[in-house]
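Report on the structure
Residues per chain are reported as follows:
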Amino acid sequence: MGGLIVARELSQRDGILLGSSSALNVAGALYAAAKMGQGKTIVTFCCDLAERSYSKLYNAEFLKEKQLSTEYENLASMFERYQAEPSSAVITVR
């Protein structure tokens, strides 16, 4: 759901149309920022734009058909929700 929220919010707020992979990358970067705190640099890649996923990711009828909500939270509340998750939800790979 994070990728859908990011894609919809960035398209409506900033006019940035991300593809599904890029939206998931940005959602992951947002999650990392929420967990790491201030003063860290988070880098991600936008590897696709919306041209291949526009008919699905940005199509309210398709989302309803797939039982995905077209009502979504904003990025600020998503960030707060990420911050509130317990640290045990984060997997560390060494």
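Residues numbered from 1 in each chain as written. Predicted model: local features only at pLDDT ≥ 70, side-chain atom pairs only at ≥ 80, totals over all residues. Heavy atoms only, no water.

Take the pattern of salt bridges next. Per the stated rule, a full pass over the model turns up 2 salt bridges. Across the pair arginine 13 and glutamate 9 runs a salt bridge whose closest N-O atoms are separated by 3.8 Å. With a gap of 4 residues between them, arginine 13 and glutamate 9 both fall in helix α1 (residues 2-14), about one helical turn apart. Residue class for arginine 13 comes out exposed when judged on its relative accessible area of 57%. The partner of arginine 81 in a salt bridge is glutamate 73, and the shortest N-O contact between them spans 2.5 Å. Taking relative accessible area as the criterion, arginine 81 reaches 37% and is therefore assigned partly exposed. Residue classification places glutamate 73 among the partly exposed positions, given a relative accessible area of 23%. (Salt bridge = Lys/Arg side-chain N within 4 Å of Asp/Glu carboxyl O. Helix = DSSP H or I, 4+ residues; strand = E, 2+ residues; numbered from the N terminus. Buried < 20%, exposed > 50% of the residue type's maximum accessible area, 1.4 Å probe, protein only.)

Attention now goes to the packing of aromatic side chains. Applying the stated criterion across every chain, the model contains 2 aromatic pairs. Relative to tyrosine 82, the ring of tyrosine 31 has its centre 4.8 Å away and its plane inclined at 75°; by these criteria the two rings are edge-to-face. Taken together, the positions of tyrosine 31 in helix α2 (residues 20-36) and tyrosine 82 in helix α5 (residues 75-84) put the pair 51 residues apart, joining distant regions of the chain. Tyrosine 82 gets classed as buried once you look at its relative accessible area, which sits at 9%. Relative to tyrosine 58, the ring of tyrosine 54 has its centre 5.4 Å away and its plane inclined at 25°; by these criteria the two rings are stacked. A relative accessible area of 45% places tyrosine 54 in the partly exposed class. Assessed through its relative accessible area of 11%, tyrosine 58 is described here as buried. (Phe/Tyr/Trp six-rings, centres within 6.5 Å; stacked < 30°, edge-to-face > 60°.)

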